[in-house]
Amino acid sequence: TSDLTLQPGQRCLIISPHPDDETIGMGGFLLQNPQQCDVLVLTDGQNNQPGDKSIVEVRRAEYDKVMRKIGVHDYWQWDIPDSKVSKNLFRLLKLKFNDYDYVFAPSPYESHRDHRCLYPFLRFWLHFYKPKLVAYEVGVPQLRPNVTLDISDVAETKRRMINEYSSQVAKTDYAKMLGLNCYRGLRRNFEYA
């Protein structure tokens, strides 16, 4: 298992299907490297509730608050409806991928279709560009992860940032996903990874 340590000047783009996936899946990394990471959320966060524009504003405000608290300067959100990412993948080709050393996307083995479609698409297209593509876990553990990052120093802050998505944790306690981080740490003698 290797580590991914950013060198000075290296840049990362974290692509998140929904507002909160970036924090659940990459919150520790973001907290450790906020100045070197840009974050793109693809969907409007409507949660399959067509016509409910109030939830879009709530989720946008939660995302903005979390990114500011983490210290990420460059972040933005598109307006793709939830569950429609696969029909809008070509919008990603407008991104300036060569500005980044790493692009992070959810694993193709995730349970949500908006998560699963990103990695295969990017895997094909990024061979034309500079950055290395890295898959991250959100809700489904990967069978053979090949990168482990020690996030013990920021795990409790990650928990607080996940809980900032109060519209989501009211339905599902996503902070419990730190259990996966605890499990990952066992193999490397880290408290959280």
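Up top is the structure these notes are about.
Residues numbered from 1 in each chain as written. Predicted model: local features only at pLDDT ≥ 70, side-chain atom pairs only at ≥ 80, totals over all residues. Heavy atoms only, no water.

Some words on the overall build of the chain
A tally of helices and strands in the chain yields seven helices and five strands. Starting at the N terminus and walking to the C terminus, you meet the elements of the chain as β-α-β-α-β-β-α-α-β-α-α-α. Relative to the compact-globule value of 16 Å for 193 residues, the chain shows a C-alpha radius of gyration of 16 Å, a close match. Principal axes of the C-alpha set define a box for the chain whose edges measure 45 × 40 × 30 Å. Contacts in the chain between residues far apart in sequence, at least 24 positions, make up 76% of those at least 6 positions apart. (Helix = DSSP H or I, 4+ residues; strand = E, 2+ residues; numbered from the N terminus. Rg over C-alpha atoms; globule rule 2.2 N^0.38 Å. Contact = heavy atoms within 4.5 Å.)

Describing the packing of helix H1 (residues 21-32) against helix H5 (residues 155-163)
Put simply, H1 and H5 touch, their axes get as near as 9 Å, and they point 135 degrees apart. The pairing of H1 with H5 is recorded here as oblique in orientation. In this structure, the crossing between H1 and H5 has a hand that is right-handed. Contact residues: H1 offers Thr23, Ile24, Gly25, Gly27, Gly28 and Leu31, while H5 offers Thr157, Lys158, Met161 and Ile162. Tallied by class, the residues present in the contact of H1 with H5 amount to four nonpolar, five polar and one charged. (Axes fitted to C-alpha atoms, helices over the stretch in contact; angles between N-to-C directions. Parallel < 35°, antiparallel > 145°, perpendicular 65-115°, else oblique. Left-handed = near helix turned anticlockwise from the far one by under 90°. Nonpolar A, V, L, I, M, F, W, Y, C, P; charged D, E, K, R; others polar.)

Digging into a positive patch on the surface
Taken together, the side chains of Lys84, Lys87, Arg113 and Arg116 present a region of like positive charge at the surface. Take Lys84: it is sitting in the loop between strand S3 (75-80) and strand S4 (102-106). (Patch = residues over 30% accessible without salt bridge, like charges linked within 9 Å, V, L, I, M, F, W, Y side chains within 5 Å. Areas by Shrake-Rupley, 256 points an atom, 1.4 Å probe, with all protein chains shown as cover. Salt bridge = Lys/Arg side-chain N within 4 Å of Asp/Glu carboxyl O. Lys, Arg positive; Asp, Glu negative; His and termini not counted. Charge placed at Lys NZ, Arg CZ, Asp CG, Glu CD.)

Concerning the sheet that holds strand S2 (residues 37-43)
If you trace the five strands from one edge of the open sheet to the other, you get S3-S2-S1-S4-S5, paired in parallel fashion. Of all strands in the sheet, those with a lone pairing partner are S3 and strand S5 (132-136), marking the two edges. Direction aside, neighbouring strands of the sheet carry axes that sit 20 degrees apart on average. With five bridges joining them, strand S1 (residues 12-16) and S2 adopt parallel strand pairing. If you follow Leu13 over to S2, its bridge partner there is Asp38. Contacting S2 and S3, helix H2 (residues 53-70) crosses the sheet at an angle of about 160 degrees to S3. (Pairing = 2+ DSSP bridges.)

Brief notes about the side chain of Ser83
Of note, Ser83 is situated in the loop between S3 and S4. There is a polar contact of 3.4 Å between the side chain of Ser83 and the side chain of Arg113. (Polar contact = N/O pair within 3.5 Å; in protein donor to acceptor, adjacent residues only side chain to side chain.)

Considering the packing of aromatic side chains
Within the structure shown, the criterion is met by 10 aromatic pairs. Taking the centre distance of 5.4 Å and the plane angle of 80 degrees together, the rings of Phe90 and Phe121 count as edge-to-face. Here Phe121 lies in helix H4 (residues 118-125) and Phe90 lies in the loop between S3 and S4, a separation of 31 residues in the sequence. Of the residues examined, Phe90 reaches a relative accessible area of 57% and is grouped as exposed. A relative accessible area of 11% places Phe121 in the buried class. (Phe/Tyr/Trp six-rings, centres within 6.5 Å; stacked < 30°, edge-to-face > 60°. Buried < 20%, exposed > 50% of the residue type's maximum accessible area, 1.4 Å probe, protein only.)

Re the pairing of S4
Most of S4 is tucked away, with five of its five residues classed as buried. The two faces of S4 match: Tyr102, Phe104 and Pro106 on one face and Val103 and Ala105 on the other face are all buried. With three bridges connecting them, S1 and S4 associate as parallel partners. Looking across to S4, one finds that Leu13 is bridged to Val103.

Any functional reading would require information beyond the geometric quantities listed.
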